[in-house]
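Examination of the molecular architecture
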Amino acid sequence: MHGIGHGTGISSEELSRLSSLSELGRRAHERRGEGDLSDAAESLVRKVVEANPDDYTLWNYRREWLLSLKGDAHDRLVKVWNDELRLTEKALLRNPKAYAAWQHRVWLLAEAEGMDIDLATRTGFFEKELALCSNMLKMDARNFHAWAHSERVSKIAGKHEPARVVEYTEQQINADFSNYSAWHYRSVNLAEGIPAEDDTALDKLLSEEVDRLRQAFYTDPDSQSAWFYYRWLLNGAPYYSGGKTSDLFNIKDEFLKDELKACQELIDLEPNSKWPLLTKGLQVLSLTVLTVFLDL
């Protein structure tokens, strides 16, 4: 009704909680400005980041405090590191997409060696972390944060095996063609382990990738994840390595002719699907594909 105010939808209890959190945050940032690395400051910051895990500045503040402990007794450092990992778990339970908390967790794993934490303990950290990622992906195979974290952790631990990642992505893609995370990390790892000069292996790989995509397209022509991956392939599957970008595949005109025809066949079957139309149109924009298209 006119003249009657509408509530914010936030209870007085929630407003009080947010006000208290804001005050705690203000005090924590003030302590950081003073360079306070005391246990009291650490306890204050802990409360804030657990409630608000997106505060990059305060996670950085925690790292400053952690680094100040270098040289302390080994048992204390191990306890502190375990406590800190548990803190990030609590923060991520509140917001699973908090990039700052994920990054802090990666930093803890990478920095453990620099803090002189022994190899056996560090190995335990990594094993636990990779098991955590595996369990998270079992619960949600599309969890992009879990995919990214697993990739980073395995590299820090020296256990990154691109061939195994590619095999795992194949399993996830076969279970769900719309799994964007699986397609993405397939593209990230596909180039590793294939000698660039082995044309036979590369031709075989390209053929297998296209066959897999065909299955995805005819099962679900509106699965944009598969189409993004397809367009990446048609552009030569570019990847970054050794400070430069290279193409995994040398895409030939004859191949592009076949793929344009295949797109048209799918358009004929699914005229209301935008992805084959868009993909074909984008390819026509390039000079090489335009020339091939005019020859059809």
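Procedures and definitions
- Residues numbered from 1 in each chain as written.
- Predicted model: local features only at pLDDT ≥ 70, side-chain atom pairs only at ≥ 80, totals over all residues.
- Heavy atoms only, no water.
- Helix = DSSP H or I, 4+ residues; strand = E, 2+ residues; numbered from the N terminus.
- Rg over C-alpha atoms; globule rule 2.2 N^0.38 Å.
- Contact = heavy atoms within 4.5 Å.
- Lys, Arg positive; Asp, Glu negative; His and termini not counted.
- Charge placed at Lys NZ, Arg CZ, Asp CG, Glu CD.
- Expected span 1.5 Å × (residues − 1).
- Buried < 20%, exposed > 50% of the residue type's maximum accessible area, 1.4 Å probe, protein only.
- Arc of directions from axis to C-beta.
- Core = buried A, V, L, I, M, F, W, Y, C linked by side-chain atoms within 4.5 Å.
- Polar contact = N/O pair within 3.5 Å; in protein donor to acceptor, adjacent residues only side chain to side chain.
- Axes fitted to C-alpha atoms, helices over the stretch in contact; angles between N-to-C directions.
- Left-handed = near helix turned anticlockwise from the far one by under 90°.
- pLDDT = per-residue confidence, 0-100.
- Pairing = 2+ DSSP bridges.
- Phe/Tyr/Trp six-rings, centres within 6.5 Å; stacked < 30°, edge-to-face > 60°.
- Parallel < 35°, antiparallel > 145°, perpendicular 65-115°, else oblique.
- Nonpolar A, V, L, I, M, F, W, Y, C, P; charged D, E, K, R; others polar.

Each helix and strand counted, the protein chain has 14 helices and two strands in total. Taken over C-alpha atoms, the radius of gyration comes to 25 Å for the protein chain, far larger than the 19 Å a tight globule of 296 residues would show. Each principal axis of the C-alpha distribution contributes one length, and for the protein chain these read about 75 × 70 × 35 Å. Across the protein chain, contacts joining residues at least 24 apart in sequence account for 62% of those joining residues at least 6 apart. In the protein chain, the 36 positive side-chain charges and the 48 negative ones have mean positions that sit 5 Å from each other.

Relative to the 20 Å expected for 14 residues at 1.5 Å per residue, helix 8 (residues 162-175) spans 20 Å between its end C-alpha atoms, a close match to the ideal helical length. Residues of helix 8 that are buried: P162, V165, V166, T169, Q172 and I173. Take helix 8 and look down its axis: the buried residues cluster within an arc of 125°, on one side only. Across helix 8 from its buried face, at more than 90 degrees, point the exposed residues A163, R164 and A175.

Nonpolar side chains tend to gather and get buried jointly when the protein is soluble and globular. Core analysis: the largest hydrophobic core is formed by 53 residues, its most contacted members being W183, L213, L233, L248 and F249. Aside from chain neighbours lying at most four places away, what touches L213 is W183, A226, Y229, Y230 and L233. Grouped together as the second largest cluster of nonpolar side chains are 17 residues, L66, L77, W81 and A112 included.

With 12 residues, helix 3 (residues 56-67) extends 17 Å between its outermost C-alpha atoms, agreeing within 8% with the 16 Å of an ideal straight helix rising 1.5 Å per residue. The secondary structure elements touched by the buried residues of helix 3 are helix 1 (12-33), helix 2 (39-51), helix 4 (74-94) and helix 5 (99-111). Its side-chain oxygen 3.2 Å from the backbone nitrogen of T57, D55 forms the N-cap of helix 3.

With respect to the element layout, I173 can be found in helix 8. The class for I173 is buried, based on a relative accessible area of 0%. If sequence neighbours within four positions are ignored, I173 has contacts with A182, W183, R186 and R212.

Two elements in contact, helix 2 and helix 3, have axes separated by 10 Å at closest approach and are oriented at 150°. Considering the relative orientation of helix 2 and helix 3, their crossing is left-handed. Counted together, D39, A41, E42, V45, R46, V48 and V49 of helix 2 and L58, W59, Y61, R62 and W65 of helix 3 form the full contact between these two elements.

Let's shift gears to the confidence of the model for the protein chain. For the protein chain, per-residue confidence averages 87 on the pLDDT scale, and residues scoring 70 or more make up 91% of the total. No element of the protein chain has a lower mean pLDDT than helix 14 (residues 287-295), at 51, and none a higher one than helix 3, at 96. Across residues 1-6 the pLDDT falls below 50, and counting only partners more than four positions away or on other chains, this stretch makes zero contacts in the model.

This brings us to the pairing of strand 1 (residues 238-241). Strand direction decides the pairing type here: strand 1 and strand 2 (residues 244-247), joined by four bridges, are antiparallel. Looking across to strand 2, one finds that Y240 is bridged to T245. Here strand 1 hands over to strand 2 after two residues, with G242 in that stretch at a positive phi of 60°.

Moving on, we get to the side chain of H160. Along the chain, H160 falls in the loop between helix 7 (144-156) and helix 8. Taking the relative accessible area as the measure of exposure, H160 reaches 19% and is therefore buried. Of note is the side chain of H160, whose polar atom sits 2.9 Å from the side chain of N189. Once residues lying within four places of it in the same chain are set aside, the contact partners of H160 are E151, S154, K155, V165, N189 and E192.

For the structure on display, the rule yields 11 aromatic pairs. Between F217 and Y230, the ring centres sit 5.2 Å apart and the planes meet at 75°, which makes this aromatic pair edge-to-face. On the criterion of sequence distance, the pair formed by F217 in helix 10 (residues 199-219) and Y230 in helix 11 (residues 224-234) is long-range, its members being 13 residues apart. Seen from their ring centres, W227 and Y230 are 5.7 Å apart, and the 75° between their planes marks the pair as edge-to-face.

Moving on, we get to the packing of helix 3 against helix 5. One way to put it is that helix 3 packs onto helix 5 with a least axis distance of 9 Å and a crossing angle of 20°. With respect to their mutual orientation, helix 3 and helix 5 come out roughly parallel. In terms of crossing hand, the pair formed by helix 3 and helix 5 is right-handed. Listed contacts from helix 5 to Y56, W59, R62, R63, L66 and L67 of helix 3 are Y99, A100, A101, H104, W107, L108 and E111. Residue composition of the contact of helix 3 with helix 5, grouped by class: nine nonpolar, one polar and three charged.

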